[in-house]
Each structure stands twice: as C-alpha cells, then as structure tokens.
Amino acid sequence: MDSYFPIVIDIHEKKCLVVGGGEVATRKVESLLQAGADVTVISPEAGDGIREWAQDGRLHWRNEAFSEIDVTEFAFVIAATNQSEVNHAVYHAVRQSGGWVNIVDRPDLCNFILPSVVKRGKLTISVSTSGASPGLARKIKQTIEQEIGPEYEEYVDFLARIRQQVLAEVGNHGQRKKIFRELLQDRFIEASEAERYAMAAELVKNVAEEYVGRQL
Ligand SMILES: C[C@@]1(CC(=O)O)C2=NC(=C\c3[nH]c(c(CCC(=O)O)c3CC(=O)O)Cc3[nH]c(c(CC(=O)O)c3CCC(=O)O)/C=C3\N/C(=C\2)[C@@H](CCC(=O)O)[C@]3(C)CC(=O)O)/[C@H]1CCC(=O)O
Ligand SMILES: NC(=O)c1ccc[n+]([C@@H]2O[C@H](COP(=O)([O-])OP(=O)(O)OC[C@H]3O[C@@H](n4cnc5c(N)ncnc54)[C@H](O)[C@@H]3O)[C@@H](O)[C@H]2O)c1
C-alpha cells in the first residue's frame, strides 16, 4: 500500500483494545494513553509499563489469553502478540464487523497503521513510510526532534493565544495576515515567554499604525 490517508483524530475516551502485553503492545498502549483513549489490554502476561498503568487505573488489563470475544464495542483494535495465529484470530474477529484493526506482524491486514510521532504540546509531526521501513520513519523523526525542539510547545501555545486575540480584535484581513506571518519569524521562537507577548503587542501596534498611515 502506498496511498494511506493521514488524519488527526480525537480518540479521547474512545474504547481501544490491545491484544498482547509485550514490548510492541506497550509502545502502542503508551501512544493511545497519551491521546486519552480508554484502553483495554488482553494478555496473560504484561510488561512493567502495562502493569503499572493497570495498577494506577489508567487502563483495564484482562489477565488472560485472547478468545473469540465481541469486539464491536471497541473503536480501534491492535493485535500485538508474538503468536501469528492469535493475531490472525483478532483480525477475523474485527473484520466481521468492519472495524479498524492493526495487526503488528501483518501490515497487509491492517486498515490503519501508526506513524512515528514528534509531539510538542499541540504540535504533532507524524512520519510514515507506509510500512516500507519503520526504522527509517524513526530515524527521520529523530532528525526532526533536533530541529523542532521543546521550545515549540510554549511557542505554539503563544501562537494559539495571539491568534484568537487578533481574530477578535483586528478586523482587517490584510493586517491579520501580516501579523500572523510576522509571528512565524525565528525571533519569536527564540524569544523568552515574557518577551514574546511584549513583542507581539508591539507588532500588533506597529501593523495597526502602518495601516492607519496608509489610509491617510
Ligand atoms: C513508527 C512505529 C510506530 C509505533 O510502533 O508506534 C512503527 N514501528 C516502529 C518501530 C519499529 N518497528 C519495527 C522496527 C525494527 C526495524 C525494522 O524491522 O524495520 C522498528 C524500529 C525500532 O524499533 O527502532 C519492526 C516492524 N514494524 C512492523 C513490522 C511488521 C512488518 O513489517 O511485517 C516489523 C517487523 C517485525 C519483525 O521483524 O518480526 C510494522 C509496522 N510498524 C509500524 C509502526 C507501522 C508502519 C510504520 C511506517 O513505516 O509507516 C507498521 C506497518 C504497523 C504498525 O505497527 O502500525 C515505530 C517507531 C516508533 C518510534 O518513533 O520510535
Ligand atoms: N509493528 C511493529 O511496530 C512491530 C515491531 C517489532 C515487532 N513486531 C512484531 O510484534 C510481535 C510482538 O513483539 P513483542 O516484542 O511485543 O513480543 P513480546 O514477546 O515482548 O510480547 C508478546 C506478548 O504477546 C502476549 N501473548 C501471547 N499469546 C497471547 C494470547 N493468546 N493472547 C493474548 N496475548 C498473548 C504475551 O503475553 C506477551 O505479552 C513480534 O512477534 C513481531 O512480529 C511488530
């Protein structure tokens, strides 16, 4: 497959099932929990991460082998065991109802796959090779992590706030466009949090004056 459709979805409180409790399952569970999903794990064994999340009440762990169960209550199902026949049984259980399913050892059976992700607060950068080379997806992610540092989290929050303010207060489209473009200059990324807001206020004032000047 080389024509996957990338989307950003809200799975907050959506029921998701992960079958298996090893290394791969733990990685998938972690990203589901980070997105606020309501996660159930079915596995007779589980690694430390899943055990701790279960103890903390962050997920439901059914400490048993997978059996034919009704999977229709789950929005997404991931089969991540090391037993290909078990993963296949999960695939069949889901496909009967036409649900979303990811089988970690069979990309050809997946109707969704997971990308490699860089998160900086509201900013999400996803990399997918359509299953060609997950290792390359990871390597590219690491390159992006160097370029787009942790400072982007506060910067994106700043942009969100200023944008709402400008949308509410600046009626002229040309002025807004100019302000939004200027806010993307590196000097705003490099500035401290306090400096940014002062710089933005100055920018809004200067752009407003420039437009008044033009109209005179
Ligand atoms: C991105 C990431 C997200 C995540 O897992 O959350 C992810 N795999 C990651 C890492 C990774 N996976 C593997 C290696 C070892 C090196 C190698 O084999 O290349 C490494 C690298 C490492 O660990 O360093 C082995 C592997 N992966 C798949 C198979 C089955 C097969 O290909 O047949 C096998 C062989 C198993 C075996 O040998 O038996 C299949 C899939 N893996 C995918 C996603 C989907 C396609 C992504 C894409 O390319 O677009 C897809 C199709 C299905 C899916 O899992 O959704 C995560 C990076 C996390 C990060 O960012 O750090
Ligand atoms: N898609 C990916 O990103 C990716 C990456 C690496 C490996 N893989 C594949 O994923 C598979 C799992 O890898 P791993 O490192 O997590 O293995 P692992 O050995 O760490 O874990 C396997 C898990 O499967 C569980 N399990 C076994 N039988 C089960 C059953 N009947 N019902 C429920 N759970 C059961 C075990 O309890 C264990 O928790 C590998 O065999 C490999 O093919 C996929």
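Residues numbered from 1 in each chain as written. Chains lettered and ligands numbered in written order. Predicted model: local features only at pLDDT ≥ 70, side-chain atom pairs only at ≥ 80, totals over all residues. Heavy atoms only, no water.

In the nomenclature of an unreviewed UniProt entry, the protein chain corresponds to precorrin-2 dehydrogenase from the organism Brevibacillus fluminis. The Pathway (unreviewed entry) field of the UniProt record for the protein chain holds the comment "Porphyrin-containing compound metabolism; siroheme biosynthesis; sirohydrochlorin from precorrin-2: step 1/1." You can read under Catalytic activity (unreviewed entry) in the UniProt record for the protein chain the words "precorrin-2 + NAD(+) = sirohydrochlorin + NADH + 2 H(+)". (UniProt positions renumbered as here; feature names shortened; annotations may be inferred.)

Asker: Can you help me understand the packing of helix α5 (residues 151-169) against helix α6 (residues 173-182) in this one?
Answerer: What describes two packed helices is the angle between their axes and the distance between those same axes. Look at α5 against α6: their axes get within 10 Å of each other, and the N-to-C directions meet at 170°. Considering their axes alone, α5 and α6 lie roughly antiparallel with respect to each other. Handedness of the crossing formed by α5 with α6: right-handed. Contact residues: Arg163, Val166 and Leu167 in α5; Arg176, Ile179 and Phe180 in α6. (Axes fitted to C-alpha atoms, helices over the stretch in contact; angles between N-to-C directions. Helix = DSSP H or I, 4+ residues; strand = E, 2+ residues; numbered from the N terminus. Parallel < 35°, antiparallel > 145°, perpendicular 65-115°, else oblique. Left-handed = near helix turned anticlockwise from the far one by under 90°. Contact = heavy atoms within 4.5 Å.)

Asker: Where do I start with the site of ligand 1 in this structure?
Answerer: Around ligand 1 lies a shell of 18 residues, among which Lys28, Ser116, Ser128, Thr129 and Arg138 are the nearest. A distance of 2.9 Å is found between an oxygen atom of ligand 1 and a side-chain nitrogen or oxygen belonging to Arg27. Here ligand 1, which alone exposes 1,100 Å², has 66% of that area covered by the protein. Put simply, the parts of the chain that give the shell around ligand 1 at least two residues each are α1 (23-34) and α4 (134-147). Residue contributions to the shell around ligand 1 peak at 4 residues, all from α4. When the residues that make up the shell around ligand 1 are grouped by side-chain class, the tally is 6 nonpolar, 8 polar and 4 charged. Taken domain by domain, the shell around ligand 1 gets at least three of its residues from each of domain 1 (15-114) and domain 2 (115-148). (Near = heavy atom within 4 Å. Polar contact = N/O pair within 3.5 Å; in protein donor to acceptor, adjacent residues only side chain to side chain. Areas by Shrake-Rupley, 256 points an atom, 1.4 Å probe, with all protein chains shown as cover. Nonpolar A, V, L, I, M, F, W, Y, C, P; charged D, E, K, R; others polar. Domains from an automatic or database assignment.)

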